[in-house]
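Summary of the model geometry
Each chain, letter by letter, is given below.
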Amino acid sequence: MGKLTEQTGVKRSGREDLMEDLEAVNLAADWADISQGLRKDLGQQLHSQWIKPIQVGALDRDTGTLDLYLPTQFSADWVRDRFSDRLSLAWKIARGEVRQIAISVHPGRRKVADLQLHSDGRRPANDGADQSMMAISADTLNDAGFTSSVGLDPSLTFAAFVTGEANVLACNAAQRMAAPEKPQFSPLYLKGATGQGKTHLLHSIGHSFLLAHPRSRIFYCSAERFMVEFVQALKQNQMIEFKGRLRSFDLLLVDDIQFIIGKASAQEELLYTIDALLAEGKRLVFAADRAPQALDGVEPRLLSRLSMGLVADIQAADIELRRKILVSKLTRFAPLEVPDDVIDFLARTITRNIRELVGGLNKLIAYAQLTGQEVSLQLAEEQLTDILSANRRRITIDEIQRTVCQFYRIDRSEMSSKRRARAVVRPRQVAMYLAKVLTPRSYPEIGRKFGGRDHSTVIHAVRLIEDLRTRDADMDGDVRSLLRQLES
């Protein structure tokens, strides 16, 4: 069966429908490459704010015009003014039939201007830089028919945040900060390495807080953007307006606070803002890649304010958490199947941060969908070479044996001995299990490293520990602890 065109009502053939679908897939693939290149050129901040929201529309082959859509009129105007030439050139290089691009608001969305208000309610000048420093009035948004705040990624919510031992404290603290009742601590300081979920939690707090406090105003920015706004206000003699706007919020969210290091005047302004908001019972959340005490060049008074509340550490995700995150992401790709051995492989080998882990999964699935291939271990190894090589730290069986012996306080020689005392056998079996999980060695190779044991002995050990982990909490805790030590 064909479809009816919207304008003419003429029935189209199934072949025309198929060709249109293929065209959409090809455009999406080209846009993925173009977007990735622009992210490298523009940086993560500008890319996330302006380029990432772009949706690719249809290509008119008669005129060579490609439609690009943005969610609001303000963002469409801003991208058209500043990135139109760059986008046009990129598309012409990617697809010769594209002669020009048309940037507009998506026809399925209401054309409501982006909302950013000064403390006195006036709309600021459209200078482009203000969009990364968001002041959001929930009343205004709700009147316009919106339920989520401009500037916060709608996909970064508490419901989409996967928890484990590495991040459960930070997640619980973030939820408490966004709850209707007043939190026991403020500010909340989220500390974690790049790509471990700090920004996700900041956005989640913003969404949840706005739902719990529908008449509130929130502010989200990076420390880098804070610096840009501060310098602009200083140059334009608008510091009174800047201070008034900054201190009118109910929730302040500042990401990557380490980038404010060494800027004395900006540090002083942030210090006064923190004092003013705390005095009024407002809520503050900061995120950085290091603890407050490790921030070099920070004024002692500001350092005191940053650490006076709760400092919640986000540790590197262990293999169990990495596996849970991958499984949670698969729901977006149903009914596409990803074998368990592929999930285990990705969780075991992409260990540096969650962002790379999810990016690897997305790249693998996109390639499989665009080429019509099935997702397999071989395909993962072929297509994720760069990511895998950057993450791969070779863990040796000798290292595993040494770590296990230290953990259980037994002599290293017991790994190869013939003794069958339980105090020796169980650590030896754990070491065999870890050797299979963390190294590419075969069962016979592992057996040879454990005193020349037969491969069937290794298989028995691996299956036994797998079973014990499901039934014995102590054994599962031992293995988790060893995995963290070996992967750190």
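So, how was this worked out
- Residues numbered from 1 in each chain as written.
- Predicted model: local features only at pLDDT ≥ 70, side-chain atom pairs only at ≥ 80, totals over all residues.
- Heavy atoms only, no water.
- Helix = DSSP H or I, 4+ residues; strand = E, 2+ residues; numbered from the N terminus.
- Buried < 20%, exposed > 50% of the residue type's maximum accessible area, 1.4 Å probe, protein only.
- Contact = heavy atoms within 4.5 Å.
- Areas by Shrake-Rupley, 256 points an atom, 1.4 Å probe, with all protein chains shown as cover.
- pLDDT = per-residue confidence, 0-100.
- Axes fitted to C-alpha atoms, helices over the stretch in contact; angles between N-to-C directions.
- Parallel < 35°, antiparallel > 145°, perpendicular 65-115°, else oblique.
- Nonpolar A, V, L, I, M, F, W, Y, C, P; charged D, E, K, R; others polar.
- Core = buried A, V, L, I, M, F, W, Y, C linked by side-chain atoms within 4.5 Å.
- Arc of directions from axis to C-beta.
- Phe/Tyr/Trp six-rings, centres within 6.5 Å; stacked < 30°, edge-to-face > 60°.
- Lys NZ or Arg CZ within 6 Å of the ring centre and 35° of its normal.
- Salt bridge = Lys/Arg side-chain N within 4 Å of Asp/Glu carboxyl O.

Counting secondary structure elements, the chain contains 20 helices and 9 strands. Within the chain, the proportion of its 488 residues that are buried is 47%. For the chain, the proportion of contacts with a sequence separation of at least 24, taken over those separated by at least 6, is 71%. Split by element, the accessible area of the chain, about 24500 Å² in all, is 50% carbon and sulfur.

Per-residue confidence for the chain averages 80 on the pLDDT scale, and 84% of its residues sit at or above 70. Here residues 1–12 scores under 50 on pLDDT; set against residues more than four positions off or in separate chains, the count is 18 contacts. When the criterion is pLDDT under 50, residues 109–150 qualifies, and its contacts beyond four places in sequence or with other chains add up to 115 contacts.

Moving on to the packing of helix α11 (residues 319–330) against helix α20 (residues 473–487). The interhelical angle for the contact between α11 and α20, taken along N-to-C directions, is 90°, at an axis separation of 9 Å. By the angle between their axes, α11 is roughly perpendicular relative to α20. Taken together, the residues of α20 that come into contact with α11 (itself represented by I319, E320 and R322) are R480, L483 and E487. Taken together, the residues that form the contact of α11 with α20 break down as 2 nonpolar, no polar and 4 charged.

To continue, consider the nonpolar core. Across soluble globular proteins, nonpolar side chains show a tendency to be buried alongside one another. Core analysis: the biggest nonpolar cluster contains 56 residues, and L346, L364, I400 and L434 have the highest contact counts within it. For this core, the leading source of residues is helix α17 (residues 422–438), giving 8 residues. Leaving out residues up to four positions away in the same chain, I400 has contacts with I395, A431, L434, A435, L438, T439 and L486. One finds A223, F249, I257 and A266 within the second-largest nonpolar core, a separate group that totals 28 residues.

This paragraph deals with helix α5 (residues 168–178). Within the span of α5, buried status applies to A170, C171, A173, A174, M177 and A178. Axial view of α5: buried residues confined to an arc of 165°, hence all on one face. Here the buried face of α5 lies against β5 (188–192), α6 (198–212), β8 (283–288) and β9 (310–314).

On to the packing of aromatic side chains, then. Scanning the entire structure with this criterion turns up 7 aromatic pairs. With centroids separated by 6.0 Å and ring planes inclined at 70°, the aromatic side chains of F230 and F242 adopt a geometry described as edge-to-face. You can see F230 sitting in helix α7 (residues 223–235) and its partner F242 sitting in helix α8 (residues 239–246), a full 12 residues away along the chain. In this structure, K436 packs its charged tip against the face of Y443, placed 4.4 Å from the ring centre.

A word on the pattern of salt bridges. Inspection of the entire model under this criterion finds 23 salt bridges. A salt bridge links K243 to E269, with the nearest nitrogen and oxygen atoms 3.8 Å apart. Of this pair, K243 sits in helix α8 while E269 sits in helix α9 (residues 264–279), and the two are 26 residues apart along the sequence. For E269, a relative accessible area of 4% corresponds to the buried category. Linking D275 and R305 is a salt bridge whose minimum nitrogen-to-oxygen distance equals 2.6 Å. Taken as a pair, D275 in helix α9 and R305 in helix α10 (residues 300–306) lie far apart in primary sequence, 30 residues in all. The network of salt bridges with common partners includes D30, R61, R95 and E97.

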